[in-house]
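Close look at the chain arrangement
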Amino acid sequence: MGMFDTIYAELICPFCGRQYRHTPLSWEQAKRECEERKEGELKYAQPPDNPWDELFRHTQAMRARADGYPVREGKYEQEDILAWIEQLDSPENIERWRTRKELGLAEIQTKAFDSILEMYFVGDPVPAHRGHYFIEEGFTCQGCREKNEREYVKVWIEIEDRRIKAVLTHNPETGQPEREPPLPAKEFVGDEAAMTSFKDWQAKQKKDPGFVAALNELEPGYQISRLRIQHGMTQAQLAEMVGVQEATIARLESGSHIPSLSLLRRIAEALGSRIELRFLPGDAKRTKQ
Ligand SMILES: [Zn+2]
């Protein structure tokens, strides 16, 4: 693969000028992350008395297959999962992790499964679409968010020959940069009346792909249901895995319940994800550096 300083993608925020470049991880960092991942997977691979063995195995089999690792069904499944875990920190995997393309990531709503958002990178083939066209997405610029945590930059994903060719910060029709409309902060934690109006408003906005991208970032319930569907799990199965009532997951996903951080952590773990928490400066004029 490429040299350490290979750059796969770059983007400049038209509002604050911040540059985004994808530079591969150092070998040491990639190795550390691969080892941590292996440790995490091992924790779930051999719990002899765990009543949720079946579910953990199912989730691990899916993660292994998503990794491109062949896992047979039935009696060889566990064996194949262990083989997959064993090679998670192999030199090939570390190299793959190290050069992972992070910028130019797009979430595309596929026509075949319109509730599932798939992730693609620049250069990736995309399914079921033809010709040359653009898809709008929200891009979370850290520079802009330092000034206003609810500000997002709109980007356009250029698709040609069914591959993501580029990520653009200017509207290809007007040539102008655009901001994502900010989300109404109050309505996220308001009373029931506010929540109802928020739900109506959200139902309308959900038709806008740019909004959906922003929503993915901001609303844990939406992210949880999206990840759960991607993992092929029911609400009941996820509830069992994290040891709560099914109704708790349902309330969480519908946005009518604000979860505790510890519950979020357990859910993230069950879905093979992690939580990122940020404290941002409240003073709008303050910037880093
Ligand atoms: Zn910016």
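Residues numbered from 1 in each chain as written. Predicted model: local features only at pLDDT ≥ 70, side-chain atom pairs only at ≥ 80, totals over all residues.

1. A short note on the confidence of the model for the chain
Low pLDDT marks stretches whose predicted atomic positions should not be read closely. Applied cut-off: The quantity known as pLDDT measures the predictor's confidence residue by residue, on a range of 0 to 100. Strands are runs of DSSP state E lasting at least 2 residues, helices are runs of H or I lasting at least 4, and numbering of each runs from the N terminus. Contact between two residues is assigned whenever their backbone-derived C-beta positions fall within 7 Å.
Predicted confidence across the chain gives a mean pLDDT of 71, with 60% of residues reaching 70 or more. Averaged over each element, pLDDT in the chain is lowest for helix 6 (residues 192-205) (50) and highest for helix 3 (residues 77-86) (91). Every residue in residues 1-5 scores below 50 in pLDDT, and together they form five contacts with partners more than four places removed in sequence or on other chains. Low pLDDT, under 50, characterises residues 214-218; the predicted model gives this stretch eleven contacts beyond four residues in sequence or across chains.

2. Here's the deal with helix 9 (residues 235-242)
Applied cut-off: The burial criterion counts other C-beta atoms lying within 10 Å of a residue's C-beta, which is placed from the backbone; the residue is buried at 20 or more, exposed at 12 or fewer, and partly exposed between these limits. The arc in question is formed by the directions pointing from the helix axis toward the C-beta atoms.
Turning to helix 9, its buried residues are Leu-238, Ala-239 and Met-241. Down the axis of helix 9, the buried side of the element spans an arc of 160°, and every buried residue falls inside it. Count one or two residues on from helix 9 and you reach Gly-243, which has phi positive near 75°.

3. Focus on the nonpolar core
One broad rule of soluble globular proteins: the nonpolar side chains tend to lie buried together. Selection rule: Each nonpolar core reported here comprises buried Ala, Val, Leu, Ile, Met, Phe, Trp, Tyr and Cys residues connected via C-beta atoms within 7 Å.
Among the nonpolar cores identified, the biggest contains twelve residues, and these are Leu-11, Phe-139, Cys-141, Cys-144, Tyr-152, Val-153, Val-155, Trp-156, Ile-157, Ile-159, Ile-164 and Val-167. At the level of elements, strand 6 (152-160) and strand 7 (163-168) are the ones that each hand at least two residues to this core. Counting residues per element, this core draws most heavily on strand 6, at six residues. In this structure Val-153 touches Cys-13, Phe-15, Phe-139, Cys-141, Cys-144, Thr-169, Arg-179 and Glu-180, once residues within four positions along its chain are discounted. Within the second largest apolar cluster, ten residues are counted, among which are Leu-238, Met-241, Ala-270 and Leu-271.

4. Observations regarding the environment of Arg-226
Note on placement: Arg-226 falls in helix 8 (residues 220-230). Under the C-beta neighbour-count criterion, Arg-226 is labelled buried, with 20 such atoms within 10 Å. Spatially, the C-alpha atoms of Arg-226 and Glu-253 are 9.2 Å apart, while their sequence positions differ by 27 residues.

5. Focus: the packing of helix 1 (residues 27-45) against helix 4 (residues 91-98)
What counts is decided by this rule: Structural elements are reduced to axes, namely lines fitted to C-alpha atoms, with helices fitted over the stretch in contact, and the angle between N-to-C directions of any two is expressed from 0 to 180 degrees. Orientation labels follow simple angle bins: below 35 degrees gives roughly parallel, above 145 gives roughly antiparallel, 65 to 115 gives roughly perpendicular, and whatever is left gives oblique. Take the far helix as the reference: if the near one is turned anticlockwise from it by less than a right angle, the crossing is left-handed, and if turned clockwise, right-handed. The classification used treats Ala, Val, Leu, Ile, Met, Phe, Trp, Tyr, Cys and Pro as nonpolar, Asp, Glu, Lys and Arg as charged, and all other residues, Gly among them, as polar.
Axis separation between helix 1 and helix 4 bottoms out at 9 Å; the angle between their running directions is 115°. In terms of their interaxial angle, helix 1 and helix 4 are classed as roughly perpendicular. Judged by the twist between their axes, the crossing of helix 1 over helix 4 is right-handed. In contact with Trp-27, Ala-30, Lys-31, Glu-33 and Cys-34 of helix 1, helix 4 contributes Asn-93, Ile-94, Trp-97 and Arg-98. Residues that form the contact of helix 1 with helix 4 fall into these classes: five nonpolar, one polar and three charged.

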